[in-house]
Amino acid sequence: MTVSAWEAFWLLVQRELRLSFRRPEQLLQPLVFFLIVTTLFPLGLSLQLSLLRDIAPGVLWVAALLSALLSLDFLFKSDADDGTLEQLALSGHGLTVIVAAKTLAHWLVTGLALVLVSPIVGTALGIPVGAFATMLGSLALGTLTLSWLGAVGAGLTIGLRRGNVLLSLIVLPLAMPLLIFGAGATDRAISGTNPAGALYLLAALCVFTCTLAPFAAAAALRITLE
Amino acid sequence: MKIATEGLAVDSVHVWRGDRHVLQGVSAEVHRGELLHVSGPNGTGKTTLLRVVSGLLHPEQGIVTWLGQSIVSHRTDYQAALAYAAHEPALKGDLTALENLHFSVGMKRRSTLQELRDALERTGVAACADLPARVLSAGQRRRVSLARVIAMRASLWLLDEPYANLDAAGSQLVSELLQAHVATGGLALVVAHRELALACTVRRLELNS
């Protein structure tokens with residue numbers, strides 16, 4: 001009658017999703033932030049469409065990173081505050097499974113949601129429809145990588161007051177390669193050159209963090225749980 | 001070093017918190033069909049001891065063994081065999097009492113919703129099953145957390161102040177649950193300030209500063 005790690009993983013993903021939908025404001029805040037920040041640029045700069053296209057990838061990616069960062073603070077904090085994290089840690093499944101499930105669920109409700117609304121932002125910034133596929137793909141890889149990096153940072157900072165500031169300071173420098181390759185890929189797609197190189201590098205970063213970050217985040221959580 | 005092969009043994013455990021030497025060589029043992037009552041003034045490390053025994057906290061010195069094996073080397077098996085109820089009830093306010101049980105018990109063992117409802121019934125909060133945990137009173141939340149301990153069907157119970165926030169009937173209920181658990185060969189480690197008047201073998205561990 002014991003539960004396999006896989007079953008525990010999916011049960012926890014379901015729990016996280018249900019909790020997210022019970023708190024829709026937590027879900028919508030990063031998305032609205034993303035939409036507002038990106039619309040501020042064309043309004044504030046009153047640029048020519050061609051100039052707007054030049055800065056669009058950078059604006060899109062910086063806004064995406066910041067809004068994904070907004071939601072990272074919630075990743076483990078509420079579970080740590082109400083004591084459910086201890087219950088999860090004692091569930092007999094190892095913290096790696098717990099971290100992986102929570103991070104995946106977190107990405108589904110924040111990163112993936114952000115990817116899905118990005119065509120609206122892309123249109124507002126004048127990104128041609130032909131570049132949407134690259135934009136969506138790069139954002140999906142980038143936000144997933146960021147969620148994993150964020151899990152390590154969030155694991156390290158849950159025990160701290162004002163931990164969210166420290167979290168940004170830990171995660172943003174690590175996210176720089178994402179910004180460079182992500183914006184690079186989108187930029188190339190807009191200018192009509194082949195974005196494959198930058199996308200491959202993003203995918204490599206994503207695989208790298210997916211495989212190593214769960215262990216690092218589990219170790220971080222184990223330290224903060226003590 | 002003596003190792004108990006049929007229960008839980010804590011062998012000269014030392015824990016420092018910064019400069020404070022919280023646990024100073026604590027040793028205790030509890031076997032099947034027995035209960036260990038941990039008592040002592042505030043701040044003497046009762047909860048710390050419980051966290052060490054659960055495996056959440058690693059002692060700087062000393063060892064905790066379960067069925068003769070160190071809990072560090074058999075962490076997952078050991079944790080699957082224990083049910084821990086911390087001082088706070090550890091419920092998600094946005095989930096109903098039943099959902100809380102479903103998601104936390106479900107990580108340990110496969111259980112049907114009926115079993116979970118029965119556990120809530122046993123602790124007298126069946127009527128709250130479909131209410132969000134955040135609207136429950138402190139006593140009701142404590143009862144839900146006790147229902148979780150029952151539903152996990154673990155052999156080792158680690159309870160931190162299970163009598164807190166409970167009315168007379170609730171305290172009676174905790175005593176009955178502990179007796180029933182121990183009578184069926186279970187083990188329990190209970191942190192409580194009050195005297196435990198239980199009809200079972202109760203070992204005592206008094207912590208002093």
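Being a predicted model, the structure only gives us computed values, none of them experimental.

**Re the sheet that holds strand β2 (residues 20-31) of chain B**
Residue and element names in this part refer to chain B. Read across the sheet, four strands follow the order β2-β1-β4-β5 without closing on themselves; strand pairing throughout is antiparallel. A single partner strand is all that each edge strand has here, and the edge strands are β2 and β5 (69-70). Sheet topology places strand β4 (residues 61-66) next to β5; two bridges connect them, and they run antiparallel. The partner of Thr-65 across the bridge, within β5, is Ser-70. Most of the contacts of helix α1 (residues 46-54) go to strand β1 (residues 7-17), to which it runs at about 120°, and overall it touches β1, β2 and β4.

**Here we look at α1 of chain B**
Two residues of an α-helix separated by three or four positions point the same way, owing to the 3.6 residues in each turn. Counting buried residues in α1 of chain B gives eight out of nine residues, a clear majority hidden from the surface. Following α1 of chain B by one or two positions, Gly-55 of chain B adopts a phi angle in the positive range, close to 95°.

**Overview of the interface of chain A and chain B**
Chain A puts 24 residues into the contact, and the matching count from chain B is 23 residues. Where the side of chain A that touches chain B is concerned, the elements lending two or more residues are α1 (5-22) and α5 (84-89) of chain A. Per-element tally for the side of chain A that touches chain B: the top contributor is α1 of chain A, with six residues. A per-class count over the side of chain A that touches chain B returns nine nonpolar, eight polar and seven charged.

**Points about the packing of helix α3 (residues 49-72) of chain A against helix α7 (residues 132-157) of chain A**
Residues and elements named next belong to chain A. At a minimum axis distance of 10 Å, the contact between α3 and α7 shows a crossing angle of 40°. Classified by chirality, the crossing of α7 by α3 is right-handed. On α7, the residues touching Ala-64, Leu-65, Ala-68 and Leu-72 of α3 are Leu-139, Gly-142, Thr-143, Leu-146, Gly-150, Gly-153 and Ala-154. Residues that form the contact of α3 with α7 fall into these classes: seven nonpolar, four polar and no charged.

**Some points on the confidence of the model for chain B**
With 97% of its residues at a pLDDT of at least 70, chain B reaches an overall mean of 91. Complex prediction metrics read pTM 0.91 and ipTM 0.91.

**Some words on the pairing of strand β6 (residues 82-85) of chain B**
Residue and element names in this part refer to chain B. Residues of β6 alternate between two faces, with Leu-82 and Tyr-84 on one and Ala-83 and Ala-85 on the opposite face, all of them buried. As paired elements, β6 and strand β7 (residues 156-160) share four bridges and run parallel to each other. Following the sheet pairing, Tyr-84 is matched in β7 by Leu-158.

**Brief notes about the packing of helix α9 (residues 176-191) of chain A against helix α10 (residues 196-225) of chain A**
All names here are of chain A. One way to put it is that α9 packs onto α10 with a least axis distance of 8 Å and a crossing angle of 150°. Looking at the two axes, α9 sits roughly antiparallel to α10. Crossing of α9 against α10: the hand is left-handed. Contacts from Pro-177, Leu-178, Phe-181, Gly-182, Gly-184, Ala-185 and Arg-188 in α9 reach Ala-198, Leu-199, Leu-201, Leu-202 and Leu-205 in α10. Per-class residue counts for the contact of α9 with α10 are nine nonpolar, two polar and one charged.

Quick notes on the rules
- Residues numbered from 1 in each chain as written.
- Chains lettered and ligands numbered in written order.
- Predicted model: local features only at pLDDT ≥ 70, side-chain atom pairs only at ≥ 80, totals over all residues.
- Pairing = 2+ DSSP bridges.
- Helix = DSSP H or I, 4+ residues; strand = E, 2+ residues; numbered from the N terminus.
- Contact = placed C-beta atoms within 7 Å.
- Axes fitted to C-alpha atoms, helices over the stretch in contact; angles between N-to-C directions.
- Buried ≥ 20, exposed ≤ 12 C-beta atoms within 10 Å, placed from the backbone.
- Nonpolar A, V, L, I, M, F, W, Y, C, P; charged D, E, K, R; others polar.
- Left-handed = near helix turned anticlockwise from the far one by under 90°.
- pLDDT = per-residue confidence, 0-100.
- Parallel < 35°, antiparallel > 145°, perpendicular 65-115°, else oblique.

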